[in-house]
Amino acid sequence: MTIIVRMVLLPYHADDPGERWRVISEAEDAFKQAESTWSRGSGQLWLAPFLFVEGRWVELRDLARREPIWRQENFGSAPCLLAQHQGDRTLASALLTAALPSGPDTSPGNLRHYEGLVLLRVAAALALDAGDLPDVRAWLTAHDRWLAWGGVVLGQAEGQLSWAEYYRAAGDLALARDHAERALVCASEPRQPLALLAAHRLLGELATASGSPAEAHAHLTEALALADACAAPYEQALCLLALAELRAATGNRDGAQAMLAEAHAILEPLAARPALARAAALAERLATRASASAAAVAPFRLTTRETEVLRLLAQGLPNAAIADRLSLSRRTVEQHLRSVYDKLGVDNRAAATRVAVEHGFI
């Protein structure tokens, strides 16, 4: 029963929380009746992956603390994932060493295959955070080897996503996008909601980095919808962070701050320190940009709305797109532009863009 719940419900039916917990409730009743593992106080250990996905991290941490490290196999990879996402590298490294004593050279078959794949990806992520790209590559090569050995579906999409992160860190956005698109295909057939949302989110982040806001918005809103359907708060927060970064990149500071506040409200009780650090960095960038924008506006006496119009114009948006972005009529945008041209002492879009760039409006 536990194998069905963990290997079928969570990967393939994560976006049906009601059914998920109906089956889990039946499994719990079966455990209680059997009295085997339950009587030793371990009956809830197999729930660890669900506690992680549903943001019940305090419960998971308390449960993990009650078990010595040699019992961690009862939890699978959940405590290691938790340590990673809470920024506890010491604990995460200890759990990885215990489970994968030979590092990337650990042979498949020494522990549960699926859990081993997750741990290999955690190891790669920790190496990525440390900026050790050769180590990342070694862990991901091991992950590929384990996938080939097992001939499994689960882990294929996540493996492609990990390679995409590797290439993004290496500065090769084209290869990063290629692997992210492969991940999307793997997660779509058979459909795996959590992997699917991660693929959409990464594709959205890559589109933001490459200056494709419409594509980024489409991927990120799809990812957020999936995170909501899966009742996965940490995933929701990551999607909100990515959307905040997109809005910041397109000059929508107020929208970015609103998304950032939503993300922070989720991440703070989770003590998700790495993600909170990412949010803090974005907040600092927004504050710096606001100060620079205020300094730029002062000499030209632009209003807040005129500044928004100029910023979007300088990003290359036509009047219709500016109107849509700011929820204004096209005529109102044209009126603002006439006022902006007059205050800047210019008479065309190219000249206005040049002034905007020179004086730090974008």
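We now turn to the structure provided with this report. (Residues numbered from 1 in each chain as written. Predicted model: local features only at pLDDT ≥ 70, side-chain atom pairs only at ≥ 80, totals over all residues. Heavy atoms only, no water.)

Focus: the packing of aromatic side chains
Step number 1: Evaluated as defined, the whole model comprises five aromatic pairs.
Step number 2: Judged by centre distance (5.2 Å) and plane angle (10°), the ring pair of F52 and W57 falls under stacked.
Step number 3: A relative accessible area of 2% means that W57 is categorised as buried.
Step number 4: Relative to Y167, the ring of Y166 has its centre 5.0 Å away and its plane inclined at 80°; by these criteria the two rings are edge-to-face. Here Y166 and Y167 have matching classes, each one buried.
Step number 5: Ring pairs connect the aromatic residues F52, W57 and Y234, which therefore count as one cluster. (Phe/Tyr/Trp six-rings, centres within 6.5 Å; stacked < 30°, edge-to-face > 60°. Buried < 20%, exposed > 50% of the residue type's maximum accessible area, 1.4 Å probe, protein only.)

Here we look at the nonpolar core
Step number 1: Ranked by size, the top nonpolar core spans 89 residues in total, and within it L96, Y234 and L267 carry the most contacts.
Step number 2: Here this core takes 11 residues from helix α14 (residues 233-249), the largest share from any one element.
Step number 3: What L96 contacts, discounting residues up to four positions off in sequence, is C80, P101, L119, V122, A123 and L126. (Core = buried A, V, L, I, M, F, W, Y, C linked by side-chain atoms within 4.5 Å. Helix = DSSP H or I, 4+ residues; strand = E, 2+ residues; numbered from the N terminus. Contact = heavy atoms within 4.5 Å.)

Quick notes on unusual backbone geometry
Step number 1: Of note, the bond from E189 into P190 is cis; its omega dihedral lies within 30 degrees of zero at -5°.
Step number 2: Residue placement: P190 occurs in the loop between α11 (173-188) and α12 (193-209).
Step number 3: With phi around 60°, R301 is a residue other than glycine that occupies positive phi space.
Step number 4: Tracing the chain through its elements places R301 in the loop between α16 (273-297) and α17 (304-314).
Step number 5: We classify R301 as exposed; its relative accessible area is 61%.
Step number 6: A positive phi angle, close to 55°, is found at S327, a residue other than glycine.
Step number 7: Along the chain, S327 falls in the loop between α18 (319-326) and α19 (330-344).
Step number 8: Given the relative accessible area of 67%, S327 is considered exposed.

Let's talk about the environment of N319
Step number 1: Residue position: N319 is located in helix α18.
Step number 2: Along the sequence, N319 and S329 sit 10 residues apart, while their C-alpha atoms lie 9.4 Å from each other.
Step number 3: Among all residues touching N319, those that are not within four sequence positions of it are R330, V333, E334, L337 and R349.

Side note on helix α13 (residues 213-229)
Step number 1: The end-to-end C-alpha distance of α13 is 24 Å, a good match for the 24 Å that 17 residues give at a rise of 1.5 Å each.
Step number 2: Taken together, the buried positions of α13 are occupied by A216, H219, L220, A223, L224, L226 and A227. Viewed end-on, α13 has its buried residues packed into an arc of 160°, placing them on one side of the element.
Step number 3: Its buried side turned inward, α13 meets α12 and α14.
Step number 4: A231 sits one or two positions beyond α13 and adopts a positive phi of about 50°. (Expected span 1.5 Å × (residues − 1). Arc of directions from axis to C-beta.)

Structural notes on the packing of helix α8 (residues 113-129) against helix α9 (residues 133-150)
Step number 1: For the pair α8 and α9, interaxial distance at closest approach is 8 Å and the crossing angle is 165°. As far as their axial angle goes, α9 and α8 are roughly antiparallel. The two elements α8 and α9 cross, and the hand of that crossing is left-handed. For the pair formed by α8 and α9, the contact residues are H113, G116, L117, L120, R121, A123, A124, A127 and L128 on the first element and L133, D135, V136, W139, L140, A142, H143, W146, L147, W149 and G150 on the second. (Axes fitted to C-alpha atoms, helices over the stretch in contact; angles between N-to-C directions. Parallel < 35°, antiparallel > 145°, perpendicular 65-115°, else oblique. Left-handed = near helix turned anticlockwise from the far one by under 90°.)

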